[in-house]
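Observations on the model geometry
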Amino acid sequence: MNLQSASQLWAFAEDQGFNAEERALFARAAWTRGYALGRKADEARTKLMLGLNPAIADAWAKAAAGYPKAAPVRQQLIAILRSPRLNMLVNSPGEWGAATMTNMEQAGIDSFDHNDRNWWCPLETDRHLEALRGEFDQLTGNALPEYNMKGVNAWL
């Protein structure tokens, strides 16, 4: 899922075939990718992301109330810094699936998987492709025993 484009993630966020938590995850990832690339999300998409993510919407509101004289772009930055779960990732590579990324009872830091589930976590396509290849090899019976594997994540 992390290899999907932001536009595809927005389409998933709007697709009623996904449950609300999944749609919220897709919207967070798509919005954050755009922000990280310096692309301003249009008002409708920002509203969709905030509507699907009440904890982040609350952080947005608190930033606006706490800093009423700050420019809206600065208020938004404060809200982002207070919402570590705004993230470009949809799922973590390997054993962690999208279902483990959907729990958004709070916008605060995820200290359990802090290197994949918070805004400072990079989109590492090599690591994700390696995990995808490993899962494919397991399904097709082509996987090597772990002790023969060589790679960045071989012993994780």
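Up top you'll find the structure we're talking about.
Residues numbered from 1 in each chain as written. Predicted model: local features only at pLDDT ≥ 70, side-chain atom pairs only at ≥ 80, totals over all residues. Heavy atoms only, no water.

As for the packing of helix 4 (residues 54-66) against helix 5 (residues 72-81)
At their nearest, the axes of helix 4 and helix 5 sit 8 Å apart, and the two run at 135° to each other. On the basis of their axis angle, the class for helix 4 and helix 5 is oblique. Between helix 4 and helix 5 lies a crossing whose hand is right-handed. Contact residues: helix 4 offers Ala59, Trp60, Ala63 and Ala64, while helix 5 offers Gln75, Gln76, Ile78, Ala79 and Ile80. A per-class count over the contact of helix 4 with helix 5 returns 7 nonpolar, 2 polar and no charged. (Axes fitted to C-alpha atoms, helices over the stretch in contact; angles between N-to-C directions. Helix = DSSP H or I, 4+ residues; strand = E, 2+ residues; numbered from the N terminus. Parallel < 35°, antiparallel > 145°, perpendicular 65-115°, else oblique. Left-handed = near helix turned anticlockwise from the far one by under 90°. Contact = heavy atoms within 4.5 Å. Nonpolar A, V, L, I, M, F, W, Y, C, P; charged D, E, K, R; others polar.)

Quick word on the layout of surface pockets
In this structure, the second largest pocket spans a volume of roughly 330 Å³. As for the second largest pocket, its lining consists of 14 residues, of which Lys40, Thr46, Trp60, Pro72 and Gln76 are closest to the centre. Sorting the residues of the lining of the second largest pocket by element identifies helix 3 (43-52), helix 4 and helix 5 as the ones contributing at least two each. Here the lining of the second largest pocket is composed, by residue class, of 7 nonpolar, 3 polar and 4 charged. (1 Å grid on protein atoms, 1.4 Å probe; cavity = no way out; pocket = protein on both sides within 12 Å on 5 of 7 lines; lining within 4 Å. Points joined across faces, edges and corners; volume = space filled by probe spheres on them.)

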